[in-house]
Amino acid sequence: MEKNYRFIAISSLAISLIGILSCFYSFYRVWNGASQFNTIPEIFRILFSFSTLNLDFTNRFEHIDIWNFVFYLLLFIGSLQFIKTKGKETRFIGFVFSVIFFNAIIVLLQSTFYKFFLTKWQDVTSLQIFSIIIGYLALMGVLFVSYRVLKLIKSEKEIDVIITENKTIVTDTGKWQRFFHWVVDVAVMSLIVIPVIISLGYWLADSGILSGNETLQMFFRGRWSLYTIIFVFILIYYPISEILFGSSPGKFLTESRVVNSKAESPNSSTIFLRTLCRNIPFDALSFFSKRGWHDSLSETYVVKEKRTGFKTNRLLWILPVLAIYLLVMYFGKRFYTEYKASIEFNNTMSEKLNFLESEIKNPNTNQFFVVNDVDYYGNINNYGFKIEKIEGSKITIKRIIGESLSESSFAQAKYLYDQQKDTAKTFIIRRDNLVNIFPKTQDEIYRPVRTLEFFEPGIRYGIENVYNFATPYLQVSIGSDSNDYSNHNASVYFQNLGGSGTILNIKNINNDIKWKTSFPLKVTNDVQSPTIVPIENFKLSERNISQIELLDSLKQKHIYLLKTNGMQAEVIETK
């Protein structure tokens, strides 16, 4: 027994710690902005090969490993209990290993199907092939270890039986514990089945098998496809559990097992009959009577094993901790994301306010002002104005007409001005009046308090944005020639919609991107020929912020912040 004891203790601790570590890594990536599994570097996916659980109720990446962590944590606690009681307490170990064993079979079948029918081997790298081999070996190893552990646990357990001269008395498992078995087993089956159904759905959508086949379309769109999948999984789940080990995962938790009328393990045909009877409607509630239907019809019983561990009520403290954990993980990410988005929005709006303050208080003939009318509900298309002349306190402006979009853009303003600059109507405003309508708060940008009659009398406007046509206006996009997310090479495309300029330097703020170019770097206003800068050490799964120092044609310096999140990028000018 000493050898078996060490095997169970070491296996449980090793698998639980590897699983917990992989879950922590997933949590770290998700909470730092990763939006898909492919953003996890290839080298770290080897770690995931040793954590075979794939349990989830959703297909959302931010919920990945939430349930896996629960089971690995239970296995870790069970390992400590097993060691503390010198091998007597096995409930958590048996429960989790039975889930791991069944899930490993499903993952093995699913993975084999994908490798044979979906993988494009001509596009697979040598590192990916190595990971696939390691994954299969790890999966087979975990399958063997879990089978061995469960067999050892059951071999040490005895039925709680009293043998007298006249009869043999066994302790039946109580009705509420039977109900608990059903709840646990349904939850485990759901956690295992749902990822398979989601994966199958994606595969059917991408494969095109359903296109043109109305019979298959009707089947998979109807409820009968779900019933069929559930029926198949029930036919796999219970026979595997009860034939090999005499217990389903739920029964491992209550130290119960299935026996026949002679208090022996039933044969395979009896277990299959018992499983078929489970599909009778309302069978799950039938054991609240004297005997459940799938028990009586198959002549089987669910009985207690001799208790060797500590009392069950000591485990109840785990339930509130588990509830808190699930609430935090399911909703915490959303609240954290909203909090970060709020901080990011406030910072962006603060930068915009500083920029508007500088531009409005220092008017010049290169500026274009986008306006929004206040408390006017007529059909008016005044988009903004361009400053044409400044003479003392008088400013001559040209009104530009255009449809107001949800948010203005530099390209839209430049296009409208170029189309109307020779025919636009001019107006005169006072410099001090323009300066005084600077928005003081973020709300005033969209709901102006300080307004001015720029054009028609009686219609007042606030300032929404200011563009300077003489200074560079950068737009940035990120491109990558590789679908390998562990490849940190990419290209940055700088498009300049405004006046020409020169990038003096790019400084990294929260990253170590290597800009493979020499500075100063000219950026012309040729939209068709963007300036391309190759970069290295670009981490697609992280938010990267860099500062761009740029000199315009008038030798004035401008500072921009380049923010990237995955392949998305934005540039904000700061003052």
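Residues numbered from 1 in each chain as written. Predicted model: local features only at pLDDT ≥ 70, side-chain atom pairs only at ≥ 80, totals over all residues. Heavy atoms only, no water.

### Comments concerning the overall build of the protein
Test applied: Counting from the N terminus, the helices are DSSP H or I runs at least four residues long and the strands are E runs at least two residues long. In what follows, a contact means two residues having at least one pair of non-hydrogen atoms within 4.5 Å. A 1.4 Å probe and the Shrake-Rupley method give the accessible areas. Residues count as covered only by the protein chains that appear here.
Of regular secondary structure, the protein possesses 16 helices and 18 strands. Sequence-distant contacts, at least 24 apart, represent 68% of the contacts inside the protein between residues at least 6 apart. With an accessible surface of roughly 30,100 Å², the protein has 58% of that area assigned to carbon and sulfur atoms.

### Notes on the sheet that holds strand E17 (residues 557-565)
Rules: Here, a strand pair is defined by DSSP locating no fewer than two bridges between the strands. Angles shown run from 0 to 180 degrees and are taken between the N-to-C directions of axes, each axis being a line fitted to C-alpha atoms and, for helices, limited to the stretch in contact.
One open sheet accounts for 5 strands, arranged E14-E12-E16-E17-E18; its pairing is antiparallel. Bordering the open sheet on either side are strand E14 (521-523) and strand E18 (568-574), each of which pairs with just one other strand. Direction aside, neighbouring strands of the sheet carry axes that sit 35° apart on average. Pairing geometry for strand E16 (residues 543-552) and E17, over 9 bridges, is antiparallel.

### Some points on the packing of aromatic side chains
How two aromatic rings sit relative to each other is given by the distance of their centres and the angle of their planes. Quick reminder of the rule: Pairing of aromatic rings covers Phe, Tyr and Trp, the last through its six-membered ring, and needs centres within 6.5 Å; plane angles under 30 degrees mean stacked, over 60 mean edge-to-face, and all others mean tilted. Burial classification: accessible surface area is computed with a 1.4 Å probe over protein chains only, and a residue below 20% of its type maximum counts as buried, one above 50% as exposed, and the rest as partly exposed.
Following the criterion strictly, the structure yields 28 aromatic pairs and no others. For the ring pair Tyr 5 and Phe 82, a centre distance of 5.1 Å and an interplane angle of 20° mean the geometry is stacked. Remark: Phe 82 occurs in helix H3 (residues 66-84) and Tyr 5 occurs in helix H1 (residues 2-31); sequence separation between them is 77 residues. Overall, the relative accessible area of 17% leaves Tyr 5 in the buried class. When the ring of Phe 69 is compared with that of Tyr 325, the centres are 5.3 Å apart and the planes differ by 35°; the resulting orientation is tilted. Of this pair, Phe 69 sits in helix H3 while Tyr 325 is found in helix H13 (residues 318-361), placing the two residues 256 residues apart along the sequence.

### Details of the pattern of salt bridges
Short version of the rule: Only one rule defines a salt bridge in this text: a Lys or Arg side-chain nitrogen within 4 Å of an Asp or Glu carboxyl oxygen.
Considering all chains together, one arrives at 12 salt bridges under this definition. Put simply, Lys 251 and Glu 242 hold a salt bridge, and the shortest N to O gap is 3.1 Å. Accessibility assignment for this pair places Lys 251 and Glu 242 in one class, buried. Put simply, Glu 305 and Arg 257 hold a salt bridge, and the shortest N to O gap is 2.9 Å. Highlighted residues: Glu 305 in the loop between strand E4 (300-304) and H13 and Arg 257 in strand E3 (residues 256-260), separated in sequence by 48 residues. For Glu 305, a relative accessible area of 3% gives the class buried. For Arg 257, a relative accessible area of 13% puts it in the buried group. Members of the salt-bridge network, linked through shared partners, are Glu 242, Lys 251, Arg 274 and Arg 278.

### Focus on the nonpolar core
The following threshold applies: Buried residues of nine kinds, namely Ala, Val, Leu, Ile, Met, Phe, Trp, Tyr and Cys, make up a nonpolar core once their side-chain atoms join them within 4.5 Å.
One finds Phe 71, Phe 95 and Phe 97 to be the most contacted residues of the largest nonpolar core, which totals 61 residues. Looking at this core, the elements with two or more residues in it are H1, H3, helix H4 (91-117), helix H5 (126-156), helix H6 (175-207), helix H8 (223-244), helix H9 (249-254) and H13. Leaving out residues up to four positions away in the same chain, Phe 95 has contacts with Phe 71, Leu 74, Val 184, Val 188, Pro 249, Phe 252 and Leu 253. Counting residues in each nonpolar core, the second largest holds 23 residues, with Ile 395, Ile 397, Phe 438 and Leu 452 among its members.

### Section: the sheet that holds strand E11 (residues 490-496)
Within the open sheet, the 4 strands sit side by side as E10-E11-E15-E13. Their pairing is antiparallel. Each of the sheet's edge strands pairs with one partner strand only, and the pair in question is strand E10 (474-479) and strand E13 (514-515). One ladder, built from 5 bridges, connects E11 with strand E15 (residues 531-536); its direction is antiparallel. Across the sheet, the residue bridging to Val 492 is Val 533, located in E15.

### Looking at the environment of Thr 441
With respect to the helices, strands and loops of the structure, Thr 441 is situated in the loop between helix H15 (431-436) and helix H16 (443-446). Counting along the chain gives 88 residues from Thr 441 to Leu 353, while the straight-line C-alpha distance between them is 7.5 Å.

### Digging into helix H14 (residues 410-420)
Filter applied, for reference: What the arc measures is the spread of directions leading from the helix axis to the C-beta atoms.
Taken as a whole, H14 has its buried residues at Phe 410, Gln 412, Ala 413, Leu 416, Tyr 417 and Gln 420. Projected down its long axis, H14 carries its buried residues within an arc of 165°, all on one side. The exposed residues of H14 that point more than 90 degrees off its buried face are Tyr 415 and Gln 419.

### Describing unusual backbone geometry
Pro 520 follows Phe 519 through a cis peptide bond whose omega is 5°. Structurally, Pro 520 can be placed in the loop between E13 and E14.

### Structural notes on H3
Operational definition: In this analysis, the expected span of each helix is defined as 1.5 Å times one less than the number of residues it contains.
The end-to-end C-alpha distance of H3 is 27 Å, a good match for the 27 Å that 19 residues give at a rise of 1.5 Å each. The buried count for H3 comes to 14 of 19 residues, which makes it a mostly enclosed element. After H3 finishes, the residue Lys 86 shows a positive phi value of roughly 55°.

### A look at the pairing of E16
Inspection of the sheet shows strand E12 (residues 501-508) paired to E16 by 7 bridges, in the antiparallel sense. In the sheet register, Asn 505 faces E16, and the bridge partner there is Glu 549.

### Focus on the packing of H1 against H3
For clarity, the threshold we go by: Reported orientations rely on four angle classes, namely roughly parallel under 35 degrees, roughly antiparallel over 145, roughly perpendicular from 65 to 115, and oblique for the rest. Take the far helix as your reference; a near helix turned counterclockwise from it by less than a right angle gives a left-handed crossing, and one turned clockwise gives a right-handed crossing.
One way to put it is that H1 packs onto H3 with a least axis distance of 8 Å and a crossing angle of 150°. Between H1 and H3, the interaxial angle falls into the category roughly antiparallel. In terms of crossing hand, the pair formed by H1 and H3 is left-handed.

### What to know about the pairing of E17
Two successive antiparallel strands, E16 and E17, enclose a turn made up of 4 residues, where Lys 555 displays a positive phi of approximately 65°. With 7 bridges connecting them, E17 and E18 associate as antiparallel partners. What sits directly across from Ile 559, in E18, is Thr 574. Hairpin connection from E17 to E18: 2 residues lie between these consecutive antiparallel strands, with Gly 566 at a positive phi of about 70°.

### Describing the confidence of the model for the protein
Going by this rule: On a range of 0 to 100, pLDDT expresses the predictor's confidence in each residue.
Averaged over all residues, the pLDDT of the protein equals 81, while 86% of them reach at least 70. Element-level mean pLDDT values for the protein span from 64 in helix H2 (residues 42-49) up to 93 in strand E7 (residues 394-401).

### Concerning the side chain of Glu 242
Here is the rule: Any pair of N or O atoms that falls within 3.5 Å is considered a polar contact. Within protein, one atom must be able to donate a hydrogen and the other to accept it, and sequence-neighbouring residues count only if both atoms are side-chain atoms.
On the secondary structure map, Glu 242 appears in helix H8. Residue classification places Glu 242 among the buried positions, given a relative accessible area of 3%. Among the polar contacts made by the side chain of Glu 242, one reaches the side chain of Arg 274 at a distance of 3.3 Å. Residues in contact with Glu 242, not counting those within four places in the same chain, are Ser 247, Ser 248, Lys 251, Val 258, Ile 271, Arg 274 and Arg 278.

### A look at the environment of Trp 515
Among the secondary structure elements, Trp 515 is positioned in strand E13. Trp 515 gets classed as buried once you look at its relative accessible area, which sits at 12%. The spacing of Trp 515 and Val 533 is 18 residues in sequence and 6.9 Å in space, taken between C-alpha atoms. Here Trp 515 is in contact with Val 492, Phe 494, Ile 506, Asn 508, Val 533, Pro 534, Ile 535, Ser 546 and Leu 562, once residues within four sequence places are set aside. Polar contacts involving the side chain of Trp 515 include one to the side chain of Asn 508, which spans 3.1 Å.

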